[in-house]
Amino acid sequence: MTKRIIDTELNEPQRKAVNSVDGPVLIIAGAGSGKTRVITYRIAHMLDRGIPQSAILALTFTNKAAREMETRVKELTRKKLQNLTVCTFHAFGLKILREECELLGYRKNFSIYDETDKVSLIKESLRECRMNPGKVDLYELSQNFSKIKTGLAKWTDSANMEEVHDVYQQGLKIYNAVDFDDLLTIPLELLEKNNDIAEKYRKKFRYIMVDEFQDTSFIQYRMMKLLAGKKDANVCVVGDDDQSIYSWRGANYENILLFEKDFPERIEIKLEQNYRSTSTILDAANGVISHNTGRKEKKLWSRQESGKPVELFYPENESAEADFIASQIRNLIISDDFKYHDFGVLTRTNSLARNIEEAFLAENIPYRVSGGTSFFQRKEIKDIISYLRIIANPDDDVSLLRIINTPRRGIGRITVSQLNEAAKRNHTSIRDALLRMNYAKTHGQQGLFSEKGASTELEEFSAMIDNFRDLMLERKGEPGKPWRLSACLRTLIENIDYWSYLVMEHVRDEKKARWKFSNIEYFIRMIESWETDPDNFDAGLYQWLNRISLITRDDGEDDVKGKVNLSTIHAAKGLEFPVVFIAGAEKGLIPHEKSIGEEEDEGSVEEERRLFYVAITRAREKLYVTSCLQRRRMQNTVSCEPSPFLAEIPQDLIKFHDKGKENEVADDNEAQDFIAQMRAMLE
DNA sequence: CACTACACATGCACG
DNA sequence: ATGTGTAGTG
């Protein structure tokens, strides 16, 4: 069945990519060349040839890509695919970590720290090293720690952060926790040092695919190479060097060159026919990307007609920009019968989406924001997750400190710092310090605190946690009723009276309190539907926590129908829309000032150009680019220049909107003036 | 010793 | 808009 589809629906190189199942394969897939299609058909084809599901490992870059790939293969094969492994590198690392954790010195209830948890542990570590966390750029430090861990940097700076890093690492170990970097580095080290374990995984996964290969880091590359094992392994990587936009995360498109070196017998396939965009859009994209150096040779072409010109508009400020986008959407829906979900509005940063959101709300345009802080990052949800984590892993101090006095229960700063001291003295977790304290007390000694200390509150708190640990992990449900994690959690939230806490925190804003509480309710329902899913054979507290730890972005809701998609360019990778707006195409945003400011190297500007290229190539029929003349930054208004990349779009593809007359296109003379002005500005 | 109110600075992309 | 630090109160 699949064969017929392959023969009729694919072009020559695509067919070749799908049929080359054995041996190493490198696929260079230009934007819109049907990459996802090739990957899903390739997996379907492998299954057709009788390769067992369990022997296939498909590694992706985002959760969304993994989910999409899985559903598409499912649709294609109409099989259940219980044993097919399609996941992100991080999820795969976690899988190994879980399977081999006792060997690695972790208990199976380990916590996974996200960026926020990581930063609070770094703060703790700084304090312990008697440094002032307020004086350090925590975000930057956190990134440096990552670079050190993943081997992308060595200690050079004069500030002695090496000690802080050591304390941080010890902290993780004591708390039985890992960070996101560990999810990759620990499994890699394990496989590198234990050939028999590596061999076990090699035997299992005989066919490996890696999507978005240009965005893999060196660590991930080594992981893949190790799993492949030999230089004629069945490993297929798919990527496009022009779309490499994650170098700040350690991605290195030179992995493509490494692959060529490490797998000399590879077949190389180039997918260069673009099925997505009009040739105008494609030419615009090519015009921009051609300014980059050291690209892999490729010529994207399209059979489609030229289509509409790229429209460029210089709004007065960000609210004029938002109004313009909203009104264009309205107009196009009426004139060209587009639907709301045909529009994608892309911005460089999340914060830029705010203004546009407001305009959409005012104009009653339904929209969906992807990217931005995830549902799981919201304060109220993080609080509840911390309760779950501390129940699962009592040594998790970061979570403990978060909730020990949330809601207020009379355990204040001093008590907490005394506990912390005691724990640090013994190199243990706070939970351990608490146990010691209680032990001392029952044996008649005076514990940590004088008579009137917060010791009763502490006892009550730990008794409450212990009680729920019994309930959630020993699964002691009410007799006759099926045990449910969601039900236990509901009891817990009632027990701690989180609702009253929310009301207290937002006196004068009950709406907000209600909204936050409804988020919690939603969270509980998520657990409920997950644990009652008949396909879920492994529903438990640890599983749930692991699962949500890997979701860092809101890409869950798939009711995309009927909504304008508002997202960052990064989050839009892999998506396409009939109409695309690129908002805020200004110097300092694209390219982002951080990439030019610190003259790190020419490379970062090239990455920003690739980012712009990715944005352009999301469009199928029509592309709008807006660049504000002024924009509010923090408190004050600053004037802006258009992005230098705009001048790299071939001019004859552009139509200019006259400022002020939003819905009219300026005549050609005026357009030429604009170009001349812009040129002059850039010179 | 805990809690509240108020002043203060700060804000990129993703797993 | 958000979290963090500080001073004053019960």
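Residues numbered from 1 in each chain as written. Chains lettered and ligands numbered in written order. Predicted model: local features only at pLDDT ≥ 70, side-chain atom pairs only at ≥ 80, totals over all residues. Heavy atoms only, no water.

### Concerning the nonpolar core
Inside soluble globular proteins, nonpolar side chains tend to come together where they are buried.
Move 1: Counting residues in each nonpolar core, the largest one holds 48 residues, and the members touching the most others are Met 472, Leu 489, Leu 492 and Phe 523.
Move 2: Among the elements that line this core, the one with the most residues is helix α16 (residues 379-392), at eight residues.
Move 3: Not counting residues within four places of it along the chain, the set of residues in contact with Leu 489 comprises Ile 384, Leu 388, Met 472, Phe 523, Ile 524 and Ile 527.
Move 4: One finds Leu 26, Ile 112, Phe 180 and Phe 263 within the second-largest nonpolar core, a separate group that totals 45 residues. (Core = buried A, V, L, I, M, F, W, Y, C linked by side-chain atoms within 4.5 Å. Buried < 20%, exposed > 50% of the residue type's maximum accessible area, 1.4 Å probe, protein only. Helix = DSSP H or I, 4+ residues; strand = E, 2+ residues; numbered from the N terminus. Contact = heavy atoms within 4.5 Å.)

### Some words on the pattern of salt bridges
Move 1: Enumeration over the complete set of coordinates arrives at 53 salt bridges.
Move 2: Among the salt bridges present, the one from Lys 298 reaches Asp 241, with a minimum N-O distance of 2.7 Å. Remark: Asp 241 occurs in the loop between β7 (234-239) and α12 (255-262) and Lys 298 occurs in the loop between α13 (279-289) and β10 (301-302); sequence separation between them is 57 residues.
Move 3: By relative accessible area, which is 14% here, Lys 298 ends up buried.
Move 4: Asp 466 is paired through a salt bridge with Arg 469; the nearest N and O atoms lie 2.8 Å apart. With Asp 466 and Arg 469 both in helix α20 (residues 455-473), this residue pair falls three residues apart, about one helical turn.
Move 5: Exposure remark for Asp 466: the relative accessible area of 31% places this residue in the partly exposed category.
Move 6: By relative accessible area, Arg 469 is classed as buried at 15%.
Move 7: Each of the salt bridges in this network shares a partner with another, and the network as a whole consists of Lys 35, Asp 211, Glu 212, Asp 215 and Lys 573. (Salt bridge = Lys/Arg side-chain N within 4 Å of Asp/Glu carboxyl O.)

### Some points on the confidence of the model for chain A
Move 1: Across chain A, the average pLDDT comes to 85, with 90% of residues at 70 or higher.
Move 2: Confidence drops under a pLDDT of 50 for residues 447-453, and excluding neighbours within four residues, the segment shows 10 contacts in the predicted structure.
Move 3: Across residues 660-668, confidence stays below pLDDT 50; counting only partners more than four residues off in sequence or on other chains, it has 19 contacts. (pLDDT = per-residue confidence, 0-100.)

### With respect to the protein's contact with DNA strand B
Move 1: Arg 249, Arg 348, Asn 350, Arg 408 and Thr 415 are the nearest of the 32 residues found near DNA strand B.
Move 2: By atom count, sugar and phosphate contribute 55% of the portion of DNA strand B lying within 4 Å of the protein.
Move 3: Taking Asn 350, its side chain carries an N or O atom lying 2.2 Å from a phosphate oxygen of DNA strand B.
Move 4: Within the side chain of Thr 415, a nitrogen or oxygen atom sits 2.5 Å from a phosphate oxygen of DNA strand B.
Move 5: Elements with a minimum of two residues in the surface near DNA strand B: α7 (138-149), α18 (413-426) and α25 (569-572).
Move 6: For the surface near DNA strand B, the element with the most residues is α18, which contributes three residues.
Move 7: For the surface near DNA strand B, the class distribution of residues is 10 nonpolar, 14 polar and eight charged. (Near = heavy atom within 4 Å. Polar contact = N/O pair within 3.5 Å; in protein donor to acceptor, adjacent residues only side chain to side chain. Nonpolar A, V, L, I, M, F, W, Y, C, P; charged D, E, K, R; others polar.)

### Section: the side chain of Glu 124
Move 1: Inspection of the secondary structure assignment puts Glu 124 in helix α6 (residues 115-128).
Move 2: The exposure class assigned to Glu 124 is buried, which follows from its relative accessible area of 17%.
Move 3: Sequence-distant contacts of Glu 124, that is, excluding residues within four places in its chain, are made with Leu 401, Asn 420 and Lys 424.

### What about the packing of α7 against helix α8 (residues 161-174)?
Move 1: Running from amino to carboxyl end, α7 crosses α8 at an angle of 80 degrees, the nearest separation of the two axes being 11 Å. Taken together, the axes of α7 and α8 are roughly perpendicular relative to one another. Of α8, the residues touching α7 (which contributes Leu 141, Phe 145, Ile 148 and Lys 149) are Met 161, Val 164, His 165, Tyr 168, Gln 169 and Leu 172.
Move 2: Of the residues in the contact of α7 with α8, the class split is seven nonpolar, two polar and one charged. (Axes fitted to C-alpha atoms, helices over the stretch in contact; angles between N-to-C directions. Parallel < 35°, antiparallel > 145°, perpendicular 65-115°, else oblique.)

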